[in-house]
Amino acid sequence: MTKDVLLEIGTEEIPAKFMPAALAQLENTTKAKLTELRISYGAVRAVGTPRRLAVIVKEVAVTQADKHSENKGPSIKIAFGQDGTPTKAALGFARGQGVDPAALVVKDEYVYAIVQEKGRPVAELLPGLLADIVTSLSFPKSMHWGDLDMRFVRPIRWLVALFGNEVVPFSLPGVTSGKVTRGHRFLGQAEVTVNSVADYIACLSENFVMVDQDVRRQIIKEQVENLAISRGGTATIDQELLEEVVYLVEYPTALCGDFEAKYLSLPPEAIITPMREHQRYFPVTGKDGKLLPMFITVRNGGSEHIDIVRHGNERVLKARLADARFFFEEDRKLPLAERVEKLKTIVFQEGLGTLYDKVLRLERLATGCGQILGVSQDELTIAKRGAQLSKADLVTGMVCEFTELQGIMGREYAKLSGERPEVAEAVFEHYLPRFAGDGLPQTTAGRLISIADKMDNIVATFSRGLIPTGSQDPYALRRQALGMVNILIDAKYHVSLSAIAAQAMDLLGITDNERRTKLVTDIQEFFRLRIKNILTEENLRYDMIDAVLAAGSDDIYDTWLRANAMAVEGGTVAMQKAVQALVRVGNLAKNATSEAIDVSLFTADAEHALYKAYIDAHTVIANYHAEKNYQGILTVLAAMAAPIDAFFGAVMVMVEDAKVKNNRLALLKSIATLAAQTADLTKIVVM
């Protein structure tokens, strides 16, 4: 026999950005707690709105599963005296296990207690279980309320706890569980009685609460899309905004508002940003892809008095757009280049100068990176000019008011100031990627400035001892390093991270050699973890990733190429045989003192054959390295398995003759070194 379980935690409005993680945590915690208590269950689903977190568990057993265990105790020498009677150790063990001493079992020279624990009624376990689930939930920020000791994301106002149609009684500070929930704050009843788990969703629906977030998401999406179509346009639905709106409302109703067409003279981003970031509005575009003078928003309620709500939203947006238009017109009065001087008034980081100083560093670091990569003089000129203007929009009125527009307005103002289009684009692109899933810079100048900006930030912050630890990363250095890794891979740039870091340290005036060495080591490790994360997300085997990283990761794109070659070749039968052979080579090569090989000391045909295979492979691999053909290199290494196996089958390496022994070790050392240039194959797990 089974029953369903419902737990609803009613609260004040929870921040929308906390909700997805909270629901996932609630679902996973419920499963873990049920399993821990040996309670069988069916489907588990967490649902929620801004005012509630709820979990519904289907087909929960009414009785806990029995427990059978064999618990190991003391050895028989300690458990029994010479006459075979139980000692104090045995008696204490039996008492602790709740069994009769006579029931102890001897096995493997130890005594065991066979414990049979009868499963308890689940109704007796649920009060403690549900209370434990609530108190186990954690949030980015929690709060106290009143004079209570409990902390939660927001004050808990009610609890619903049902096992079938019976209340599961438990209490938390200031609240006791029951079967009374609450409807929509304005449209539903203040108190709604839920008579059984099966009635829960329907009861709330009747009181204007769509508790299932998936249902709300689909309804919002359909309403927004259909409303835009009815007005002759297409809604631009940003998925992040949609997810936020889902957790801002309990009963969604989309409505369309208008704004004056004169504001369309603003750059599109200057209109969209106030809509999306500040008001949670969805923009609408026409058939030509251009913005229409309208927006769609979602209210938390029905269609009553919708015109009043529309008018209120229009007034708020009008004020925002009026501000944007004012700042835009004022900003245009001064060319972007003339704002660079004002950067001297803004501190970059404590002890590291102003943003003006940073701009000077970016000019030199971006062009320095370009010279390393061998880009054209014209691209270097664009990069230098783009770096000069890269931060100038930070002192414009528009960006001061709408900080999300940094880079975007820089591009717009650069164009309006008569700068080359390539320079304007580089000003925008150097901020990319700004968040997970964002685009990457596609112009050479944009890539160079972006790399320079991110490396300067990382080196500068590391130099102050502010290396990210745990979840703490106030300067978003992990995001910047990950962005830089993605740029290098996307652009196919072969460049040394330590070389760029060294240039950045030069420009920051870091001259102490010991300090520079430590900084480079820390930065390389920091980036090694980022490329490891990317390769893991690409589903590469952990051992192959470790093998590639062990061969070095200073050139990010080179590391990525080697890893992908390993993903293709590493699992082949030939490569698996080569790994076994090369592991044996590597183990013996550790004893080598030199790689100098004297052919005249060879005494067996297998030695000559292996040496020839090594020389041939060395030549081919050198060419493949120049071409970055790592798949070809691994194929060559795989072909060496046969001569290596033949060598070990015919020759004893560790012979008494020191010259012969060291010569054979030198040959093995040379082979190991050749293989290690691509990956440390000893880390590959042979399947």
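Throughout this document, residue positions are counted from 1 along each chain, in the order its sequence is written. Reporting in this predicted model follows two pLDDT cut-offs: at least 70 for local features of residues, and 80 or more for side-chain atom pairs to be given and counted; totals over whole chains, interfaces and linings ignore these cut-offs and use all residues. Heavy atoms throughout the structure, all of them, feed into the side-chain values; hydrogens and water do not.

1. Comments concerning the overall build of the chain
- Strands here mean DSSP runs of E at least two residues long; helices mean DSSP runs of H or I at least four residues long; both are numbered from the N terminus. Secondary structure assignment for the chain yields 25 helices and 16 strands.
- The reference for a compact globule is 2.2 Å times residues^0.38; the radius of gyration itself is calculated from the C-alpha atoms. For the chain, whose C-alpha radius of gyration is 34 Å, the value lies well above the compact-globule estimate of 26 Å for 687 residues.
- Dimensions along the principal axes, computed over C-alpha positions, put the chain at roughly 100 × 100 × 45 Å.
- Residues count as neighbours in contact if any of their non-hydrogen atoms are within 4.5 Å of one another. In the chain, the proportion of contacts linking residues at least 24 apart, taken out of those at least 6 apart, comes to 69%.
- Where accessible areas are quoted, they stem from the Shrake-Rupley method and a 1.4 Å probe; at the residue level, only the protein chains shown are allowed to cover. When the accessible surface of the chain is summed, it comes to about 32100 Å², and 51% of that surface belongs to carbon and sulfur atoms.
- Counting 78 positive and 86 negative side-chain charges, the chain places the averaged centre of each group 2 Å from the other. Neither His nor the chain ends is counted toward charge; the positive residues are Lys and Arg and the negative residues Asp and Glu. For charged residues, the charge sits on one atom: NZ in Lys, CZ in Arg, CG in Asp, CD in Glu.

2. Here's the deal with the pattern of salt bridges
- What counts as a salt bridge is simple: a side-chain nitrogen of Lys or Arg found within 4 Å of a carboxyl oxygen of Asp or Glu. For the structure on display, the rule yields 48 salt bridges.
- One salt bridge connects D490 with R447, and the closest N-O pair in it is separated by 3.6 Å. With D490 in helix 16 (residues 477-491) and R447 in helix 15 (residues 444-463), this residue pair connects regions lying 43 residues apart in the sequence.
- Each residue is placed in one exposure class: buried if its accessible area under a 1.4 Å probe, protein chains only, is under 20% of its type's maximum, exposed if it is over 50%, and partly exposed if it falls in between. You can call R447 buried: its relative accessible area is 12%.
- Between D506 and R516 there is a salt bridge, with its nearest N and O atoms 2.8 Å apart. Taken together, the residues span a long stretch of sequence, with D506 in helix 17 (residues 497-507) and R516 in helix 18 (residues 513-537) at a distance of 10 residues.
- Among the residues examined, R516 registers a relative accessible area of 16% and is labelled buried.

3. Structural notes on empty space enclosed by the protein
- Every definition here rests on a 1 Å grid over the protein atoms only: cavities are sets of points where a 1.4 Å probe fits but cannot get out, pockets are open sets enclosed by protein on both sides within 12 Å along at least five of seven lines, and lining residues have some atom within 4 Å of a point. Grid points are joined across faces, edges and corners, and a volume is the space filled by probe spheres set on the points. Under the counting rule described, the total for this entry stands at one cavity of 30 Å³ or more.
- In this structure, the largest cavity occupies an estimated 40 Å³ of space.
- Taken together, V5, T30, L34, V55, V57, L126, L129, L130 and I133 form the lining of the largest cavity.
- At the level of secondary structure, the elements contributing two or more residues to the lining of the largest cavity comprise helix 1 (19-36), strand 3 (52-61) and helix 4 (122-136).
- Top element by residues in the lining of the largest cavity is helix 4. It accounts for four residues.
- Under the scheme applied here, ten amino acids are nonpolar (Ala, Val, Leu, Ile, Met, Phe, Trp, Tyr, Cys and Pro), four are charged (Asp, Glu, Lys and Arg), and all others, including Gly, are polar. Here the lining of the largest cavity is composed, by residue class, of eight nonpolar, one polar and no charged.

4. Points about the layout of surface pockets
- In this structure, the largest pocket spans a volume of roughly 1300 Å³.
- Surrounding the largest pocket, 43 residues form its lining, E404, Q406, R434, F435 and R479 being those nearest its centre.
- For the lining of the largest pocket, the elements supplying multiple residues, two or more each, are helix 7 (239-246), helix 8 (268-279), helix 10 (355-373), helix 13 (408-416), helix 15 and helix 16.
- Element by element, the count of residues in the lining of the largest pocket is highest for helix 8, at five residues.

5. Comments concerning helix 13
- Along helix 13, the positions that sit buried rather than exposed are I408, M409, G410, R411, Y413 and A414.
- Count one or two residues on from helix 13 and you reach G418, which has phi positive near 85°.

6. Focus on the side chain of T30
- Its place among the elements puts T30 in helix 1.
- Look past the residues within four positions of T30 in its chain and what remains in contact with it is V44, V55, V57 and I133.

7. Some details on the sheet that holds strand 16 (residues 291-300)
- The rule for pairing is simple: two strands pair if DSSP sees at least two bridges between them. Overall, antiparallel pairing links the four strands, which are arranged 13-15-16-14 in an open sheet. Edge positions in the sheet fall to strand 13 (234-235) and strand 14 (252-258), since each has one partner strand and no second.
- As judged from the seven bridges shared by strand 14 and strand 16, these two strands associate in the antiparallel manner. Its bridge partner being in strand 16, D258 is matched across the sheet by M294.

8. A few points about the sheet that holds strand 5 (residues 105-107)
- Pairing is antiparallel across the open sheet formed by three strands, whose spatial order is 4-6-5. In this open sheet, the two strands that pair with only one neighbour each are strand 4 (67-75) and strand 5. On average, each strand axis in the sheet is tilted by 35° relative to the strand beside it, whichever way the strands run.
- Across three bridges, strand 5 lies against strand 6 (residues 110-117) in antiparallel orientation. Each axis is a line fitted through C-alpha atoms, taken for helices only over the stretch in contact, and angles between the N-to-C directions span 0 to 180 degrees.

9. Thoughts on the packing of aromatic side chains
- Two rings from Phe, Tyr or Trp (for Trp, the six-membered ring) form a pair when their centres are within 6.5 Å of each other. A pair whose planes differ by under 30 degrees is stacked, one over 60 is edge-to-face, and the rest are tilted. Using the criterion set out here, one finds 11 aromatic pairs in the structure.
- With centroids separated by 6.1 Å and ring planes inclined at 15°, the aromatic side chains of Y557 and W560 adopt a geometry described as stacked. Taken together, the residues Y557 and W560, both in helix 20 (residues 556-569) and three residues apart, mark about one turn of the helix.
- Between Y611 and Y614, the aromatic rings sit 6.5 Å apart at their centres with planes inclined by 40°, giving tilted as the arrangement. With a gap of three residues between them, Y611 and Y614 both fall in helix 22 (residues 605-627), about one helical turn apart.
- What links up through ring pairs into an aromatic cluster is the set F462, F526 and F527.
- A ring has a charge above it when a Lys NZ or an Arg CZ is no more than 6 Å from the ring centre and no more than 35 degrees off the ring normal. The positively charged end of K107 is found above the aromatic ring belonging to Y112, 5.0 Å away from the centroid.

10. Section: the nonpolar core
- Of all hydrophobic cores here, the largest spans 134 residues; its most connected members are M398, M455 and L681.
- Examining the composition of this core, we find that 10 residues originate from one element, helix 15, more than from any other.
- Within the second largest apolar cluster, 58 residues are counted, among which are F139, W145, F163 and A254. Throughout this description, the term nonpolar core refers to a set of buried Ala, Val, Leu, Ile, Met, Phe, Trp, Tyr and Cys residues connected via side-chain atoms within 4.5 Å.

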